[in-house]
Amino acid sequence: MPRRWPGRGALKALKVLGIAPVALWIGYVVVVNVLLSAGLVARLVSYDPVDATLYYGSAWSLWPGVVHAKEFRLSGSDSTLQWAVELDEVDADIHLTELLRRKFYAEDIRARGFVFRVRLLVDPTNERDLEAPHIQALPPIPEFTNPPLKPALPPERDLERSDEGYDLWTVHLEGVDTTLEEIWIQQIRYAGGGRVRGGFYYKPLREVRVGPVALELREGEVHLADRVIARLDGGADVTMTTFDPRDIEGLDILESTSARVRVDAQLPGLDVVHFYAGEGAGPRLEDGSGELRARLVVNKGRVEPGSALSYATRHLALGAPALRATVEGEVDVRVGARGEARLALRVPRAALARPGEGLPRVVVEGASAVLDAPELHLLRLPPAFASRAEVVAAAIPDLRWLNGDSPDPEAPRFTGGAASLRASVDVDRRGRATGALSLRLEDGALRWKETRVKGDAAARLALDAADVWSPSARVRKSRIEIEDLAVEHGGEAWPGWWARIDIDEARVARGLLEAAIRLECKDARPAVALLDAEDALPGWAAGLLTMEGLKASATVRREASDVDFRLLEAQGDNLALRGRLTKSDGREARGAFLVKSGPLSVGIDLAEDGAGVHPLVGDDWVNEKMAALGK
């Protein structure tokens with residue numbers, strides 16, 4: 001008998017083994033594509049459209065799990081927000097079995113035309129106008145109504161506080177690589193070219209994880225409602241560690257975020273800041289067009305070394321009904337190698353105007369400010385900082401600028417003249433400030449009650465120490481010079497009056513003024529008119545203050561409504577005067593003065609029952625009287 005060929009069975013087995021995968025593949029292609037074309041997969045995901053909705057124009061699969069779709073859209077919501085992802089065309093490895101667990105899990109996503117939109121639900125009990133611009137500017141999402149309103153009744157299941165009945169869809173995307181068309185978050189919309197790569201995990205009301213995500217923006221525009229607020233190129237690498245969205249408020253999300261950001265933007269203007277406040281709110285920003293550049297590295301809210309941000313504008317205006325300011329300036333923020341931060345503000349030129357009042361503009365040139373801090377954190381103020389501010393020159397061409405809005409006709413008011421000043425101040429990290437001010441008045445004219453004053457003056461003030469947080473300040477070694485002053489009062493005139501006031505030391509705090517001064521002046525005759533001193537002193541005291549070539553030193557303390565004036569020494573002509581005057585609110589002035597002329601002397605006592613004259617008293621008498629007035 002012929003021997004059987006043993007290879008025939010093996011060949012048959014090989015044929016079966018070769019045909020089976022093909023049959024399985026054909027079966028998969030037929031079944032899955034029928035499911036896709038019939039929309040059964042979309043209906044499975046969209047069983048509860050409020051939780052999740054899947055839509056695609058067409059879809060097919062030639063390999064297990066790898067799906068090609070066109071006009072793809074996946075959207076969903078929870079109790080706080082609504083979101084949607086749209087793609088023109090996509091190839092992705094979709095884990096079909098995960099759909100049965102209410103999870104859309106896709107990997108190796110290659111797509112084009114990426115659109116992402118997210119909006120918070122609107123509480124109609126807190127919004128008076130649902131047609132308001134900031135409501136109408138929210139991104140539309142086809143599966144939901146506009147505007148997105150919170151339900152009037154509480155949900156049947158409190159999924160924010162309980163896991164019972166939790167069945168919201170989870171979205172998990174990995175290996176995304178897609179071209180970009182739009183990102184629309186609340187009222188802010190980016191439209192333009194770009195690319196998105198990375199991953200994303202979102203379990204509503206439970207977990208969110210982002211990245212790492214690489215975002216590229218090319219020749220795009222950023223819109224706020226219907227306004228273009230920036231034209232930019234840029235990019236960002238962002239990673240957000242897993243966080244519970246229920247624990248996040250506002251900028252707290254930065255605690256979970258690490259990002260590297262690059263932005264080169266042209267800003268058409270800054271008037272968009274009024275979008276939320278309303279068109280009628282003021283004061284108003286106008287123009288502000290300029291350049292914004294940023295190179296930032298942020299780690300859990302901390303801005304890392306090497307970061308920089310700058311903004312420059314040639315014209316920024318701030319307008320109010322009674323005042324308008326225009327500024328040319330630049331803001332620059334940099335973080336050094338050790339994490340130290342510096343903010344520098346430079347204003348080459350600024351101007352202030354009062355519309356409709358016919359006053360020339362106040363011009364400021366060479367203004368600058370620098371703030372140094374040990375670190376820059378987006379969630380908290382630096383623990384300490386140092387700063388410096390300087391104004392190289394400021395010109396007030398008409399002193400009527402300094403008049404207040406008081407309707408009191410007897411309030412002091414400037415009627416003419418001009419002024420120029422320069423100033424600087426330094427604040428150390430403990431909040432202590434030092435600085436200097438130089439002021440020059442030319443042809444300054446002042447009206448006060450029945451008094452008219454006109455002349456030139458100059459002041460040099462040195463701020464020795466000030467506490468920014470108290471606030472309080474000390475002034476030392478400062479001088480005020482008055483030149484060629486003309487004073488008119490009650491039909492009398494004093495032309496060519498001059499004075500030099502040296503402030504040896506002064507302290508100013510809340511409700512408190514203390515000063516030690518030295519005075520040298522032509523005479524003291526204009527003092528009563530300028531200070532309206534007859535309200536505090538009896539008439540005979542004015543006669544004692546008419547000494548020619550007066551030189552005096554004194555201390556003054558004013559706390560609340562209490563005044564304590566100590567005249568340490570006053571000399572002029574053949575007279576010498578020394579004494580003390582105190583005055584409390586609601587009480588008559590009290591004091592004692594000793595007047596000497598050669599070998600003669602007289603004491604003047606101001607008591608509650610009137611003034612008394614004591615001839616031939618001496619220093620012991622006045623010392624005793626001054627001590628009796630208290631410390």
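Calculation notes
Residues numbered from 1 in each chain as written. Predicted model: local features only at pLDDT ≥ 70, side-chain atom pairs only at ≥ 80, totals over all residues. Heavy atoms only, no water. Helix = DSSP H or I, 4+ residues; strand = E, 2+ residues; numbered from the N terminus. Buried < 20%, exposed > 50% of the residue type's maximum accessible area, 1.4 Å probe, protein only. Polar contact = N/O pair within 3.5 Å; in protein donor to acceptor, adjacent residues only side chain to side chain. Pairing = 2+ DSSP bridges. Contact = heavy atoms within 4.5 Å. pLDDT = per-residue confidence, 0-100. Phe/Tyr/Trp six-rings, centres within 6.5 Å; stacked < 30°, edge-to-face > 60°. Lys NZ or Arg CZ within 6 Å of the ring centre and 35° of its normal.

Help me out: how do you make sense of the environment of Arg246 in this one?
Relative to the elements of secondary structure, Arg246 occurs in the loop between strand 9 (227-243) and strand 10 (257-267). We classify Arg246 as partly exposed; its relative accessible area is 36%. Residues Arg246 and Gly57 lie 189 residues apart in sequence; the distance between their C-alpha atoms is 35 Å. A polar atom in the side chain of Arg246 sits 3.0 Å from the backbone oxygen of Leu205. A distance of 2.7 Å separates polar atoms of two side chains, one belonging to Arg246 and the other to Asp244.

Help me out: how do you make sense of the pairing of strand 5 (residues 103-120) in this one?
Two faces make up the sheet, and in a regular strand the side chains alternate between them. Sheet topology places strand 4 (residues 81-94) next to strand 5; 11 bridges connect them, and they run antiparallel. The residue of strand 5 that forms the bridge with Ala84 is Arg117. In terms of strand pairing, strand 5 meets strand 6 (residues 170-185) through 12 bridges, oriented parallel. Looking across to strand 6, one finds that Val115 is bridged to Glu182.

How do you make sense of the side chain of Ser46 when you look at a structure like this?
Along the polypeptide, Ser46 turns up in the loop between helix 2 (40-45) and strand 1 (52-55). Discounting residues that sit within four places of it in the chain, Ser46 has contacts with Ala52, Thr53 and Leu54.

Whenever I open this one, the pairing of strand 6 confuses me. Can you help?
Across 11 bridges, strand 6 lies against strand 7 (residues 188-203) in antiparallel orientation. Note on strand 7: the bridge partner recorded for His172 is Tyr201. Connecting strand 6 to the next strand, strand 7, in antiparallel fashion are 2 residues, including Gln186 with a positive phi near 50°.

What exactly am I supposed to notice about the confidence of the model for the protein here?
Note: predicted coordinates in regions of low pLDDT should not be interpreted at a detailed level. For the protein, per-residue confidence averages 85 on the pLDDT scale, and residues scoring 70 or more make up 91% of the total. Predicted confidence for residues 528-542 stays below pLDDT 50, and this span has 22 contacts to residues more than four positions away or in other chains.

What is the right way to look at the packing of aromatic side chains in this model?
In this structure the tally under the stated criterion is 3 aromatic pairs. Through a chain of ring-to-ring contacts, three or more aromatic side chains come together here, namely Trp83, Phe200 and Tyr202. Of note, Lys103 hangs over the ring of Tyr105, and the distance from its end group to the ring centre comes to 5.1 Å. In this structure, Arg189 is placed above the aromatic ring of Trp184, and the distance from its NZ or CZ to the ring centre is 5.4 Å.

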